[in-house]
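Analysis of the macromolecular model
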Amino acid sequence: MTAPEPSVPEPSAGVLERFATHLAGELGRSPHTVRGYLADARSLLHDLDSRGHAPADLDVPLIRAWLSRARSTGASRSTVARRVAAVRALTRLLHREGVLTIDPGPRLSAPRQQRSLPAVLDEEQAAAVLEGFVPQTPVELRRHAVVELLYATGIRVAELCALDLDDLDRSRNTVRVLGKGNKERTVPVGVPALDALDAWTARGRPELATGTGGAALLLGARGGRLGVRQARADVHAHFRAAGLDSAPHGLRHSAATHLLNGGADLRSVQEFLGHSSPRSTQIYTHVSVDRLRSAYRQAHPRA
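The present account deals with the structure reproduced in this document. (Residues numbered from 1 in each chain as written. Predicted model: local features only at pLDDT ≥ 70, side-chain atom pairs only at ≥ 80, totals over all residues. Heavy atoms only, no water.)

1. Some thoughts on the overall build of the protein chain
When its secondary structure is counted, the protein chain shows 13 helices and three strands. The long-range fraction of contacts in the protein chain, counting pairs at least 24 apart against all pairs at least 6 apart in sequence, stands at 59%. Counting every atom, the protein chain has about 16,500 Å² of accessible surface; 51% of that belongs to carbon and sulfur. (Helix = DSSP H or I, 4+ residues; strand = E, 2+ residues; numbered from the N terminus. Contact = heavy atoms within 4.5 Å. Areas by Shrake-Rupley, 256 points an atom, 1.4 Å probe, with all protein chains shown as cover.)

2. Considering the sheet that holds strand S1 (residues 168-169)
One open sheet accounts for three strands, arranged S1-S2-S3; its pairing is antiparallel. Looking at the sheet topology across the chains shown, the edges are occupied by S1 and strand S3 (184-188). (Pairing = 2+ DSSP bridges.)

3. Let's talk about unusual backbone geometry
One non-glycine residue with positive phi stands out, namely asparagine 173, at about 55 degrees. You can see asparagine 173 is positioned in the loop between S1 and strand S2 (174-178).

4. Quick notes on the packing of helix H2 (residues 31-50) against helix H3 (residues 60-72)
Direction vectors running N to C along H2 and H3 enclose 110 degrees, while the axes themselves pass 11 Å from each other. Comparing their axes, H3 and H2 come out roughly perpendicular. Crossing of H2 against H3: the hand is right-handed. Touching Asp40, Ser43, Leu44, Asp47 and Leu48 of H2 are Leu62, Trp66 and Arg69, all from H3. Of the residues belonging to the contact of H2 with H3, the class tally is four nonpolar, one polar and three charged. (Axes fitted to C-alpha atoms, helices over the stretch in contact; angles between N-to-C directions. Parallel < 35°, antiparallel > 145°, perpendicular 65-115°, else oblique. Left-handed = near helix turned anticlockwise from the far one by under 90°. Nonpolar A, V, L, I, M, F, W, Y, C, P; charged D, E, K, R; others polar.)

5. Quick word on the pattern of salt bridges
The final tally for this structure, using the stated rule, is 14 salt bridges. The closest approach of N and O atoms between glutamate 97 and arginine 18, which form a salt bridge, is 2.9 Å. In this pair, glutamate 97 sits in helix H4 (residues 77-97) while arginine 18 sits in helix H1 (residues 10-26), placing the two residues 79 residues apart along the sequence. When the shortest N-O distance is used, the salt bridge between arginine 69 and aspartate 47 registers 2.7 Å. In this pair, arginine 69 is assigned in helix H3 and aspartate 47 in helix H2, connecting sequence segments 22 residues apart. On the basis of relative accessible area, aspartate 47 is assigned to the buried category, the value being 11%. Taken together, the shared-partner salt bridges connect Asp40, Arg82 and Arg83 into one network. (Salt bridge = Lys/Arg side-chain N within 4 Å of Asp/Glu carboxyl O. Buried < 20%, exposed > 50% of the residue type's maximum accessible area, 1.4 Å probe, protein only.)

6. A short note on the environment of isoleucine 63
Topologically, isoleucine 63 is positioned in helix H3. With relative accessibility at 0%, the residue isoleucine 63 sits in the buried group. It is 9.0 Å that separates the C-alpha atoms of isoleucine 63 and leucine 48, two residues lying 15 residues apart in sequence. The residues touching isoleucine 63, leaving out its near neighbours within four places in the chain, are Leu58, Val87, Thr91, Pro104 and Leu108.

In structure tokens form, the structure reads like this:
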């Protein structure tokens, strides 16, 4: 059972409303990010009020004390890092509005993230999962299309669920994707994924369509736009049928790694994934180098 969110006094509640509008409207953050940042901001403002402070009192010592209390209760590095990012966004807004004379956000440092290598499929596993299944029912046709498209394009599951029918360009074999921060990119799609989509739109989608899904490319069981939770369930079900398991992000990791292993340059993979910074893409080079090191040890006579 989750703990109730801390209440905040009326003036701070107004700050939260403006912060939510700023995050979603101006910054284009995803609903998931907005929820997380708002929870962090609510916690900070409640902490301030409980100690007799107002939002205008926010400074580095007060924020660091709040972060320290989070660490003492066992918050992970990633949680603390998210809290720092949320507070920076909040103090930047309050400074712009004139609530804060000095923005303390830039002086806050986030804990260094422990970057682990993503779990990826090898090429043979990917082929076995994608080629060893013959879909029959509308749900199976959708499930197959979901897995093929995620692996072919490396898009995020939320990006997948947001696709409309006209986002797919069959003349160029591409799909138009709206990513984080409302940034649009065009991603190539392979023939197997296009074939799976053709089968879905011809034999699966018409069976599920009720009119409530509008122009959505992928539909759920009741005919509305496919939700993220169901898309994740589709991926897990498809992999379990093959005796494996993977999540949508695992397919994204696998697509990026296989591109690099096949000779794609880092800049191209960055654009493919929709990363705003090459630093986000560099983790995949670690995967490729790890495999190279293993192959070197096995093959080189003086390894």
